[in-house]
There are 2 protein chains.
Amino acid sequence: MPEKDDFVLQDFLPFLLNRAAEESSLAFQSYYKNRYGMLRNEWRVLFHLGTYGTMTAKDIGQRAKIHKTKISRAVAKLTERRFITRSRDENDRRSEHLQLTPAGEAAYRDLRGQAASYDKQLASRFSAEEEKVLRRMLRQLACIEP
Amino acid sequence: MPEKDDFVLQDFLPFLLNRAAEESSLAFQSYYKNRYGMLRNEWRVLFHLGTYGTMTAKDIGQRAKIHKTKISRAVAKLTERRFITRSRDENDRRSEHLQLTPAGEAAYRDLRGQAASYDKQLASRFSAEEEKVLRRMLRQLACIEP
DNA sequence: GGGTAATAGTTGTTTTTGTAACTAACAAGG
DNA sequence: CCTTGTTAGTTACAAAAACAACTATTACCC
């Protein structure tokens, strides 16, 4: 009787996903780290502001599923480095609208270009069709709408 | 002239992979954390020993691509909790052979079962074919041989 | 209005990582 | 042997994450 024993760690999805995520982030991570001294959360906040324009910390947190304390600290760093400015909402003085400064815009454009070509390079291992399917499946797993 | 501006964060592979990895680890993580007070690296070490039998810290590190300091700490915790035993290699007294105790075996079997059914549940969102393709692509991205 | 609850964001403290330097054991060449 | 280099694993210290408690403001509703 053969054991029904076909489960291996190398195939465990959370493990695979973690390893793939780590491996695929490496090169890009060292780019924004070396070039701008940014941390991952800072890059993410910057990227959101560049992509979607003015947002509040809460907006960013919701969209990227980053905890508010991480956002708070990333925003503090980015402000200190003059990459973003903050202004209170006059209707609800609890929240602040964040937006990129020209320097922030410049960094964003650079990083965005890097990210785009890096992404293309990663995806080049697959066919166009496979790539599309991969992204769809990942969005599914990540609970990201469409 | 439309801008060639089709790059969005939500589709950036490192971002997608990270989010998918985090999301998909959540439930399982809280299982081994609540049930055994384990950290991720401890679960991974335990799992490797359960799957492959006796190994050295180095073996585990190579196979799972975990840094030796993480392994060292995980091994210390697991030893302290009597899940594994260590014995010096008599031919090369620098390295130690690690193996599960009966308690470690029991935890391993439980966690392994959990992992298997959790994995199945994650994969159930996809067709069998899609699932196979997904794992293959992830192994590719994670730089894991076949 | 006045009290209670909820929300946006921050700060402080504890865990966990990351990195580098360290010990102990082996290897190899002279 | 004995110096130099390498390897397995540990430890110490700095950086970052997690978690809880906090301030300030707004919302609810009796």
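Structure: see above.
Anyway, here's the lowdown on the structure attached to this text. Please read all numbers here as calculations on a predicted model, not as lab measurements.

**Description of the relation of the copies chain A and chain B**
And step 1. Structural alignment of chain A on chain B gives an RMSD of 0.2 Å, achieved by rotating through 180 degrees and translating 0.1 Å along the axis. Both chain copies can therefore be described as sitting about a two-fold axis.
And step 2. Counting the interface residues of chain A, we find that 100% of their copies in chain B are interface residues as well, pointing to one common contact surface.

**Quick notes on the packing of helix H2 (residues 40-52) of chain A against helix H3 (residues 57-64) of chain A**
Residue and element names in this part refer to chain A.
And step 1. Closest axis-to-axis distance for the H2/H3 pair is 10 Å, and the angle between their directions is 100 degrees. When the axis of H2 is compared with that of H3, the two are roughly perpendicular. Across from Val45, His48, Leu49 and Tyr52 in H2, the residues of H3 making contact are Ile60, Arg63 and Ala64.
And step 2. Residues that form the contact of H2 with H3 fall into these classes: five nonpolar, one polar and one charged.

**Points about the protein's contact with DNA strand D**
And step 1. What surrounds DNA strand D is a group of 21 residues, the closest being Lys70 of chain A together with Lys58, Ser72, Arg73 and Arg86 of chain B.
And step 2. Sugar plus phosphate, as a fraction of atoms of DNA strand D within 4 Å of the protein: 63%.
And step 3. Between Lys70 of chain A and DNA strand D, the recorded distance is 2.6 Å, taken from a side-chain N or O atom to a phosphate oxygen.
And step 4. Put simply, the parts of the chain that give the surface near DNA strand D at least two residues each are helix H4 (68-80) of chain A together with helix H3 (57-64) and helix H4 (68-80) of chain B.
And step 5. In terms of residue count, the dominant contributor to the surface near DNA strand D is H4 of chain B (four residues).
And step 6. The residue makeup of the surface near DNA strand D, split by class, is two nonpolar, seven polar and 12 charged.

**Things to note about the protein's contact with DNA strand C**
And step 1. Around DNA strand C sit 21 residues, and of these Lys58, Ser72 and Arg86 of chain A together with Lys70 and Arg93 of chain B come closest.
And step 2. At the protein interface, 55% of the atoms of DNA strand C within 4 Å belong to sugar or phosphate.
And step 3. Here Lys68 of chain A contributes a side-chain N or O atom positioned 2.9 Å from a base oxygen of DNA strand C.
And step 4. One of the side-chain nitrogen or oxygen atoms of Arg94 of chain A is found 2.9 Å away from a base oxygen of DNA strand C.
And step 5. Within the residue set of the surface near DNA strand C, elements represented by two or more residues are H3 and H4 of chain A together with H4 of chain B.
And step 6. Top element by residues in the surface near DNA strand C is H4 of chain A. It accounts for four residues.
And step 7. Partitioned by chemical class, the residues of the surface near DNA strand C number two nonpolar, seven polar and 12 charged.

**A closer look at the interface of chain A and chain B**
And step 1. With 51 residues of chain A at the interface, the matching set in chain B holds 51 residues.
And step 2. Between chain A and chain B lies a buried interface of about 5,500 Å² when both sides are counted; carbon and sulfur atoms form 66% of it.
And step 3. Along the contact surface separating chain A from chain B lie four salt bridges.
And step 4. Residues Glu130 of chain B and Arg136 of chain A are paired through a salt bridge, measuring 2.9 Å at the closest nitrogen-oxygen approach.
And step 5. In this assembly, chain A and chain B are joined by 17 residue pairs in polar contact (both at pLDDT 80 or more).
And step 6. Among the elements of the structure, helix H1 (13-36), H2, H3, helix H5 (102-123) and helix H6 (128-141) of chain A are those that each provide at least two residues to the side of chain A that touches chain B.
And step 7. Per-element tally for the side of chain A that touches chain B: the top contributor is H1 of chain A, with 13 residues.
And step 8. Along the lines of polarity and charge, the residues of the side of chain A that touches chain B split into 28 nonpolar, six polar and 17 charged.

Calculation criteria
- Residues numbered from 1 in each chain as written.
- Chains lettered and ligands numbered in written order.
- Predicted model: local features only at pLDDT ≥ 70, side-chain atom pairs only at ≥ 80, totals over all residues.
- Heavy atoms only, no water.
- Least-squares fit on C-alpha atoms with pLDDT ≥ 70 in both.
- Contact = heavy atoms within 4.5 Å.
- Axes fitted to C-alpha atoms, helices over the stretch in contact; angles between N-to-C directions.
- Helix = DSSP H or I, 4+ residues; strand = E, 2+ residues; numbered from the N terminus.
- Parallel < 35°, antiparallel > 145°, perpendicular 65-115°, else oblique.
- Nonpolar A, V, L, I, M, F, W, Y, C, P; charged D, E, K, R; others polar.
- Near = heavy atom within 4 Å.
- Polar contact = N/O pair within 3.5 Å; in protein donor to acceptor, adjacent residues only side chain to side chain.
- Buried area = accessible area lost by both parts, 1.4 Å probe.
- Salt bridge = Lys/Arg side-chain N within 4 Å of Asp/Glu carboxyl O.

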